[in-house]
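This is what each chain is made of:
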Amino acid sequence: MADEANGPDVDPTEDSRERRWRLAIGADDESSSALSAEDRKLSAALDALYGSGDSAGDPRKRRGGLGRSAPRVAQWMGDIRSFFPEQVVQVVQKDAFKRLNLKQMLMEPEFLKAIEADVNLVADLVSLRSAMPDKTKDIARSIISDIVAKLMQRLEQKTAEAIRGALDKSRRTNRPRQRDIDWPRTISANLRHYQPDHKTVVPEKLVGFMRRQRRLVDLDEVTLCVDQSGSMASSVIYASIFAAVMASLPVVRTKLVCFDTAIVDLTEELSDPVEVLFGVQLGGGTDINQAVAYCAERIERPTKAHFILITDLYEGGNGKELLQRLAALVRSGVNVIVLLALTDQGRPGYDPSMAGSVAALGIPVFACTPDHFPDMMAAALRREDIAAWAASADIKLVRADVETPNA
C-alpha cells in the first residue's frame, strides 16, 4: 500500500543518490532540483580547490580556483568550516597549501612586502596559519606586523583625536598640550607679534583647553563584538586594529569579543594587535545571539556602555532570542549600534530581513568605512543621534521593518 501511495515509479532514495553523485562530480547542472542552495555553495567551495580548471570546451565547466595573485582565501575557508568538521578542514587546508602553491607564495616575503598594505592579504595569511610550517608562520607574522603597522599609522591619529576629545572647553590654560591648542584664540591673542618679513605670527602666549580628569569608574565602556565568519574577514581586521587603538586611550574602557559558533574574548591581548589577529579564527558558522548574551553579561554600567555589533546578521542561532536580547540592552540604557561591515569596499552583503527587524528596535544599522569609524565612535560616545550623524556623512541606514513588532 505504501508503494502504491508513492506511485509505481518513485524511488524515495533517488534524489539522495543524485545529490551525492552531483556533489562528487561537481554541480554543473544548475537545473537539477537535487541540490539545495547550500549544496551548490558546498560544491563551489570544493570546485575552487579540487576542480579540474579546464576552461576549454564548454564554458559552463570552468572552475573558479583560489588563484595565486588574489587568494581571497578567508571567504573560502569560512565556507569549508561551515560544511566540515575540524579534522576534515585541516586536511582540506593542507591540500590547498600544496595544490594551489600558496606555500611558495608565502615563502617570498620580499614579494609580499612590496604589496600595498591590504587587509585582504592579512585575512588570507591569518586564515592559512594553521596549515603553515613554523618557518612560514614566522614570515607571515612578520608580514602581518608590517601591514598592521601601516594601517595603525593611517588610522591611529584620527581615532585618538576623535575619541580622546573629552576636552572641557569651558576651562582654558596657557600651557596646553600641542593637540589641545585653541589655534584661533592663540592667533588672536598674538596678533601684535606679527612678523611682516616672515608673514607669520610668533605665538608668545598659547591658549588651549584643559582636559577633564576622569576616574576609572567613570569611563565609558566600549564593547566591539565582531563576527569572525569568513565573509567578515576584512571587518575583523579593521575592528581589531581600532580596538587596539582605543584600548591605548585612557578615556575609554575597550573590550574586543570575536565569535562564530564559539566566542573568543581578546580583550587581554589588545596591547598587541598582531597577537589579537593571531587569536582570531576566521570562518565557521554564526551564533550572534550567543555572542550578544556573553557581552551583555559583562556590561557593568549600562548607561555608560556602548555596544558595537559588527556582523552581516546572517544568524545561525536563535534569531527571535537575538532580537529580544538587543531590545533588552536598549531598554537598559546601552548605546547599541550594528555595523553590517567595517571595510573599504562598497555595499555589503547582509540579511535584509534581520537588519530590518533590528532597525525596528530603534538601533542604527548600517555599513561603515574605516575612515568614518573614528567620527562615528566619537558621536556615539557623546550620545549624539547616530541617524543624524550618518545623514551628515552621506551614509544610508537600513530602514526599520514596519511589520516587525517593536520589542
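Scroll up for the structure.
Residues numbered from 1 in each chain as written. Predicted model: local features only at pLDDT ≥ 70, side-chain atom pairs only at ≥ 80, totals over all residues. Heavy atoms only, no water.

**Notes on the packing of aromatic side chains**
Here is step 1: Within the structure shown, the criterion is met by 2 aromatic pairs.
Here is step 2: Summarising the aromatic geometry, the rings of Phe366 and Trp389 are spaced 6.2 Å apart at their centres and angled 50 degrees between planes, so their arrangement reads as tilted. On the criterion of sequence distance, the pair formed by Phe366 in strand β10 (residues 365–368) and Trp389 in helix α17 (residues 386–392) is long-range, its members being 23 residues apart. The same class applies to Phe366 as to Trp389, namely buried.
Here is step 3: For the cation-ring pair, Arg141 lies above Phe278, with the distance from its terminal atom to the ring centre recorded as 4.1 Å.
Here is step 4: Across the ring face of Tyr294, the terminal group of Arg298 is positioned such that the distance to the ring centre comes to 3.5 Å. (Phe/Tyr/Trp six-rings, centres within 6.5 Å; stacked < 30°, edge-to-face > 60°. Helix = DSSP H or I, 4+ residues; strand = E, 2+ residues; numbered from the N terminus. Buried < 20%, exposed > 50% of the residue type's maximum accessible area, 1.4 Å probe, protein only. Lys NZ or Arg CZ within 6 Å of the ring centre and 35° of its normal.)

**Examining the state of the cysteines**
Here is step 1: Inspection of every chain in the model, using the stated rule, returns 0 disulfides.
Here is step 2: Here Cys225 is not disulfide-linked; the sulfur of Cys295 is the nearest cysteine sulfur, at 3.7 Å. (Disulfide = S-S within 2.5 Å.)

**Points about the nonpolar core**
Here is step 1: Core analysis: the biggest nonpolar cluster contains 61 residues, and Ile144, Leu256, Leu339, Phe366, Phe373 and Met377 have the highest contact counts within it.
Here is step 2: The contact partners of Phe366, leaving out residues within four places of it in the chain, are Ile337, Val338, Leu339, Leu340, Ala341, Met376, Ile386, Trp389, Ile395, Lys396 and Leu397.
Here is step 3: With 31 residues, the next largest nonpolar core counts Val257, Phe259, Leu323 and Met354 among its residues. (Core = buried A, V, L, I, M, F, W, Y, C linked by side-chain atoms within 4.5 Å. Contact = heavy atoms within 4.5 Å.)

**Quick word on the sheet that holds strand β9 (residues 335–342)**
Here is step 1: Here 6 strands make up an open sheet; going across it, the order is β7-β6-β5-β8-β9-β10 and the pairing mixed. Looking at the sheet topology across the chains shown, the edges are occupied by β7 (263–265) and β10. For this sheet the average axis-to-axis angle between neighbouring strands, irrespective of direction, equals 25 degrees.
Here is step 2: Relative to strand β8 (residues 305–310), strand β5 (residues 220–227) is paired through 6 bridges, and the arrangement is parallel. Paired with Thr223 across the two strands is Phe307, which belongs to β8.
Here is step 3: Sheet strands touched by helix α11 (residues 233–247): β5, β6 (252–259), β8 and β9. Its angle to β5, the strand with the most contacts, is close to 160 degrees.
Here is step 4: Set on the sheet, helix α16 (residues 373–381) makes contact with β5, β6, β8, β9 and β10; between it and β9 the angle comes to about 170 degrees. (Pairing = 2+ DSSP bridges. Axes fitted to C-alpha atoms, helices over the stretch in contact; angles between N-to-C directions.)

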